[in-house]
Amino acid sequence: MPIEGPLKELQIHDVFQLLDLGRKTGVLRVTSELRQNAGVVYFANGGVIAAEIRSNPHPLGALLIRGGKVREEEVARAAAIQRSRPGHRLGDILVEMGALPRKELERQIRVQVEEVIFELMSWSEGYFSFEDGPLPEALGEATVRIPTESLLMEAARRIEGARQLKAEREREVEELFHAGVARFDAGDWAAARDTFRQV
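Residues numbered from 1 in each chain as written. Predicted model: local features only at pLDDT ≥ 70, side-chain atom pairs only at ≥ 80, totals over all residues. Heavy atoms only, no water.

Q: Please explain the overall build of the protein chain as it appears in this structure.
A: Looking only at helices and strands, the protein chain has 7 helices and 5 strands in total. Listing each helix as α and each strand as β along the protein chain from the N terminus yields β-α-β-β-β-α-α-α-α-β-α-α. In the protein chain, 64% of the contacts between residues at least 6 apart in sequence involve partners at least 24 apart. Summing over all exposed atoms, the protein chain offers an accessible surface of approximately 12,200 Å²; the carbon and sulfur share of this is 53%. (Helix = DSSP H or I, 4+ residues; strand = E, 2+ residues; numbered from the N terminus. Contact = heavy atoms within 4.5 Å. Areas by Shrake-Rupley, 256 points an atom, 1.4 Å probe, with all protein chains shown as cover.)

Right, here's the structure in full:
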């Protein structure tokens, strides 16, 4: 029997916590009509082993190129090999080619998974469904296992940081607004206009 419901009733971090505490293995699907997006997180014994999101801003090949870990030509060659070998992962092919050490691949996969998780954790509306059971064979052997607790702690840290940044920006805007009003009241319209443009 799947665990499912709207995120308004059970927030996503609570879902992650339940799956961690229950040492669940299976697939969590999260959808958001508002964001027109969907994500999938794979759990093994309560830990996260893989994650993907429809609007993936972090494809592995692009992450590796941007981080200077591989060259664009190597990713293109690995992608061509991947097309001829369905079911094989791009990262594994790059390792086979000698373009990337296995440890670096695992580190980059972890970064990729974390970014997807942190994106999903920012959703406050949508729907989730967890299907308990064996993982798809296409996942093969998990190359990373991220403790859910560490993901939850990092997500909380990031959310708090974003709140503080927003509050700081709101204070700056308010100060600029009041400075602009004061300049306007003093008859210095050019300075008031320049101040309001900063807002």
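Q: Looking at this structure, I do not really get the pairing of strand E5 (residues 127–132). What am I missing?
A: The two faces of the sheet receive side chains in turn, since in a regular strand these alternate between them. Where strand E1 (residues 3–6) and E5 come together, 4 bridges link them in antiparallel fashion. In the sheet register, Gly-5 faces E5, and the bridge partner there is Phe-128. Judged from the 6 bridges that link them, strand E2 (residues 26–32) and E5 form a sheet pairing that is antiparallel. Bridged to Thr-31 within E5 is Tyr-127. (Pairing = 2+ DSSP bridges.)

Q: What should I look at first to understand the side chain of Gln-108 in this one?
A: For Gln-108, the position within the fold is in helix H5 (residues 102–121). Setting aside anything within four residues of it in sequence, one finds Gln-108 in contact with Leu-60, Leu-63, Leu-64 and Lys-69.

Q: What is the right way to read the sheet that holds strand E3 (residues 37–44) from this model?
A: Two orientations exist for strands paired in a sheet by backbone hydrogen bonds: parallel and antiparallel. Ordered by their spatial adjacency, 5 strands build an open sheet running E1-E5-E2-E3-E4, and the pairing between neighbours is antiparallel. In this open sheet, the two strands that pair with only one neighbour each are E1 and strand E4 (47–53). Direction aside, neighbouring strands of the sheet carry axes that sit 15° apart on average. Contacts from helix H1 (residues 12–21) reach E1, E2, E3, E4 and E5 within the one sheet, and its direction differs from that of E2 by about 175°. (Axes fitted to C-alpha atoms, helices over the stretch in contact; angles between N-to-C directions.)

Q: Just checking my understanding: could you explain the pairing of E4 for this structure?
A: For E4, a buried count of 6 out of 7 residues is recorded, marking the element as mostly surrounded by other parts of the structure. As defined by bridge partners, E3 adjoins E4 across 6 bridges and the pair is classed as antiparallel. Opposite Gly-39, over in E4, you have Ile-53 as the bridge partner. Linking two consecutive strands that pair antiparallel, namely E3 and E4, is a turn of 2 residues; a positive phi of about 50° is found at Asn-45 within it. (Buried < 20%, exposed > 50% of the residue type's maximum accessible area, 1.4 Å probe, protein only.)

Q: Even after reading the chapter, I still don't get the pattern of salt bridges, so can you show me in this structure?
A: Pairs may arise between side chains of opposite charge once their charged atoms sit close together. In this structure the tally under the stated criterion is 10 salt bridges. Between Arg-71 and Glu-73 there is a salt bridge; the shortest N-O distance is 3.1 Å. Here Glu-73 falls in the exposed class, since its relative accessible area comes to 51%. Within this structure, Lys-69, Glu-104 and Arg-107 form a network of salt bridges that share partners. (Salt bridge = Lys/Arg side-chain N within 4 Å of Asp/Glu carboxyl O.)

Q: Would you explain the packing of H1 against H5 in this entry?
A: The description of two packed helices rests on the angle between their axes and on the distance between the axes. Relative orientation of the contacting elements H1 and H5 amounts to 125°, with a least axis distance of 9 Å. Overall, the two elements H1 and H5 adopt an arrangement that is oblique. Residues Ile-12, His-13 and Phe-16 of H1 touch H5, and the partners they reach there are Ile-117, Leu-120 and Met-121. (Parallel < 35°, antiparallel > 145°, perpendicular 65-115°, else oblique.)

Taken by themselves, the reported measurements are silent on function.
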